[in-house]
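Per-entry structural report
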Amino acid sequence: MDDVTPFLVLSAILFSIGCVGVLTRRNAIVVFMCVELMLNASNLALVAFAKHHGNLEGQVAAFFVMVVAAAEVVVGLAIIMTIFRSRRSASVDDASLLKY
Amino acid sequence: MIAFWVLAPVMVIAALGILFVRKAVHAALLLAVVMISLAMLYAALEAPFLFAVQIIVYTGAIMMLFLFVLMLVGVDASDSVVETIRGQRVLAVVVGGIFAVLLGVIVGQAGIGTAVGLGAANEGGNIEGLAEVLFSQYVLAFEATAALLITAALGAMVLAHRERLVPRETQADRAAARVRAYGEHGDHLGPLAAPGVYARHNAVDTPALLPDGSPAEQSVPTVISNRGTGRPSPSYRDVDRVVGQLQSRRDDQDPATDTVVEGSGSAARGEDA
C-alpha cells in the first residue's frame, strides 16, 4: 500500500473505455452511462492522489465531482426524456435536424 | 492491495461489457458493478466517506435514475448496429486504445514514488477532516453547489413537464368516440377478446380464435406484438392440422367401413332405445 500507480493505471483504463463508449454507442442513455464511467475514473484518480499527497483536498474534489455528476445526470436524463417524447427514439443519430 | 487486484479485473471486464452488450439495461447493471467496486477501492484508499457517498449517490440514486428513464424510454430500445459514419467504430477503438496506452505509459513513467498516506490527515476522523477542508477553504464552492442542485432540480422539472395541449379525455368522451367509430367503420363496440380464448394455449401471447377459426390479432397485448415475442398464431395452424388429420383419416377409410361405423352407431342407438 505504498504506491498508488496501479490505481492511476486502472483509472486511465476506465477513462479510455468510457471515451470509446461515448464514441461508439448510439443509445443516448448508454452514452450517458459512459460519461458517468469517465467521471468515476477521474474520481478514482483524485482519491488516489489524495492518498499519495497525504491531504484531503483530492477527496473534496471527488466529492464535488459527485455533486456535479448528480446534477448533470438529472438534467441530461430529462433532456433525453424530452427528445424521446418528441421523436420516439433515444438514438443520438436520430436528432440530426440541424444538419439539413 | 489484495482488494485492488481482485476488483480491478472485475471492473475492467464490466466496463468493457458496457461497450459490447446490446441492451441498455445490461449496460446499467454492469455500470453498477463498476461503481460498487469503485466504492470498495475508495475504502481501500482510506476514504470511508466517499465509500459511503459512492454507494448512496451513484449506485443508489444515479443508477436508479438511469433505470427509471430506461423504463420510461422502453427496455427494448437497443442500439442499432448501423454505422452512420463509415469506419468510425474502428477508428474510435484504435484511438481509444492509443489513448489508454499513452495514459498508462505516462503514469508508469512518472515514477511518483511512495504515497504519504492519509494516516495523519485522517487522524481526527475522515469526515471531520473533510468537513474542515470543505467548510473553510471550499465553502464558496460548496455554496455554489447548492445553487447548482436547485437549478438542476428546476431544470429537470421544466424539461419533464408536459404542457396539456388538448383537454383531458374523460370516460364519456371515450365512450362517444367508440360509438362513433362503430357508426362510421363498424368497429367492434365491446371489449377486446381475451387472449387464448378457444385457442390451444391459454397464454397471453396466443391470439384468441374467432368463431370462424381465424386468430383475433387484437386480443394479444400490443406490448407483446410490438416486441415480436408473441406467437404468430400457431393455434390457428394447430386447428388446421387437427382438421387436416381428421380429414385424412376420413379419406383413408373406404366408404364401406364408413357406413359400417355409421351402421354400428345407429345399431348402438337402437339398442339404447
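Just so it is clear, the structure is predicted and the values come from calculations on it, not from any experiment.

1. Quick notes on the overall build of chain B
On a plain count of helices and strands, chain B comes out with 10 helices and 2 strands. Within chain B, the proportion of its 273 residues that are buried is 20%. A sequence separation of at least 24 residues applies to 44% of the contacts in chain B between residues at least 6 apart.

2. A closer look at the overall build of chain A
A tally of helices and strands in chain A yields 3 helices and 0 strands. Its C-alpha atoms give chain A a radius of gyration of 17 Å, clearly above 13 Å, the size a compact globule of 100 residues would have. Principal-axis analysis of the C-alpha atoms places the extent of chain A at approximately 55 × 25 × 20 Å. Across the 100 residues in chain A, those meeting the buried criterion constitute 59%. Long-range pairs, those at least 24 residues apart, make up 48% of the contacts in chain A with a sequence separation of at least 6.

3. Some words on unusual backbone geometry
We note that Glu46(B) has phi near 60°; this positive angle belongs to a residue other than glycine. Along the chain, Glu46(B) falls in the loop between helix 2 (24-44) and helix 3 (48-73).

4. Let's talk about the interface of chain B and chain A
Counting residues at the interface gives 69 residues for chain B, matched by 64 residues for chain A. The set of elements that each furnish at least two residues to the side of chain B that touches chain A consists of helix 1 (2-20), helix 2, helix 3, helix 4 (88-110), helix 5 (126-134) and helix 6 (139-160) of chain B. Top contributing element to the side of chain B that touches chain A by residue count: helix 3 of chain B, with 11 residues. Partitioning the side of chain B that touches chain A into residue classes produces 56 nonpolar, 10 polar and 3 charged.

5. Observations concerning the packing of helix 1 (residues 5-24) of chain A against helix 4 of chain B
Interhelical geometry of helix 1 of chain A versus helix 4 of chain B gives an angle of 165° and a closest axis separation of 9 Å. Classed by the angle they form, the pair helix 1 of chain A and helix 4 of chain B counts as roughly antiparallel. Two packed elements cross with a definite hand, and for helix 1 of chain A against helix 4 of chain B that hand is right-handed. Here helix 1 of chain A contributes Thr5(A), Leu8(A), Val9(A), Ala12(A), Ile13(A), Ser16(A), Cys19(A), Val20(A), Leu23(A) and Thr24(A) to the contact with helix 4 of chain B, which in turn contributes Arg89(B), Ala92(B), Val93(B), Gly96(B), Phe99(B), Ala100(B), Leu103(B), Gly104(B), Val107(B) and Gly108(B). In terms of residue class, the contact of helix 1 of chain A with helix 4 of chain B is built from 13 nonpolar, 6 polar and 1 charged.

6. Topic: the nonpolar core
With 80 residues, the main nonpolar core has Ile29(A), Met33(A), Leu37(A), Val47(A) and Leu31(B) as its most contacted residues. At the level of elements, helix 1, helix 2 (28-53) and helix 3 (57-87) of chain A together with helix 1, helix 2, helix 3 and helix 6 of chain B are the ones that each hand at least two residues to this core. Among the elements that make up this core, the one with the highest residue count is helix 2 of chain A (16 residues). The contacts of Met33(A), once residues within four sequence positions are left out, are Ile18(B), Ala27(B), Ala28(B), Leu31(B) and Phe66(B).

7. Digging into the confidence of the model for chain B
Residues and elements named next belong to chain B. Overall, the prediction assigns chain B a mean pLDDT of 80, with 80% of residues at 70 or greater. Predicted confidence in chain B is weakest over helix 10 (residues 255-272), with a mean pLDDT of 41, and strongest over helix 2, with 93. Scored below 50 in pLDDT, residues 256-273 shows 1 contact in the model against residues more than four places distant or in partner chains.

8. Remarks on the packing of helix 2 of chain A against helix 3 of chain B
In contact at an axis separation of 12 Å, helix 2 of chain A and helix 3 of chain B are set at 175° when each is read in the N-to-C sense. In terms of their interaxial angle, helix 2 of chain A and helix 3 of chain B are classed as roughly antiparallel. For the pair formed by helix 2 of chain A and helix 3 of chain B, the contact residues are Ile29(A), Met33(A), Glu36(A) and Val47(A) on the first element and Leu50(B), Ile62(B), Phe66(B), Val69(B), Leu70(B) and Val73(B) on the second. Partitioning the contact of helix 2 of chain A with helix 3 of chain B into residue classes produces 9 nonpolar, no polar and 1 charged.

9. Remarks on the environment of Leu38(B)
Mapping Leu38(B) onto the fold places it in helix 2. Sequence separation of Leu38(B) and Pro215(B) is 177 residues, and the distance between their C-alpha atoms is 53 Å. Setting aside residues up to four positions removed in sequence, Leu38(B) forms contacts with Asn40(A), Leu44(A) and Gln54(B).

10. Quick look at the environment of Gly97(B)
All names here are of chain B. Positionally, Gly 97 belongs in helix 4. Look at Gly 97 and you get exposed, because 12 C-beta atoms sit within 10 Å. Through-space distance from the C-alpha of Gly 97 to that of Phe 142 is 37 Å; in sequence the pair is 45 residues apart.

Criteria and thresholds
- Residues numbered from 1 in each chain as written.
- Chains lettered and ligands numbered in written order.
- Predicted model: local features only at pLDDT ≥ 70, side-chain atom pairs only at ≥ 80, totals over all residues.
- Helix = DSSP H or I, 4+ residues; strand = E, 2+ residues; numbered from the N terminus.
- Buried ≥ 20, exposed ≤ 12 C-beta atoms within 10 Å, placed from the backbone.
- Contact = placed C-beta atoms within 7 Å.
- Rg over C-alpha atoms; globule rule 2.2 N^0.38 Å.
- Nonpolar A, V, L, I, M, F, W, Y, C, P; charged D, E, K, R; others polar.
- Axes fitted to C-alpha atoms, helices over the stretch in contact; angles between N-to-C directions.
- Parallel < 35°, antiparallel > 145°, perpendicular 65-115°, else oblique.
- Left-handed = near helix turned anticlockwise from the far one by under 90°.
- Core = buried A, V, L, I, M, F, W, Y, C linked by C-beta atoms within 7 Å.
- pLDDT = per-residue confidence, 0-100.

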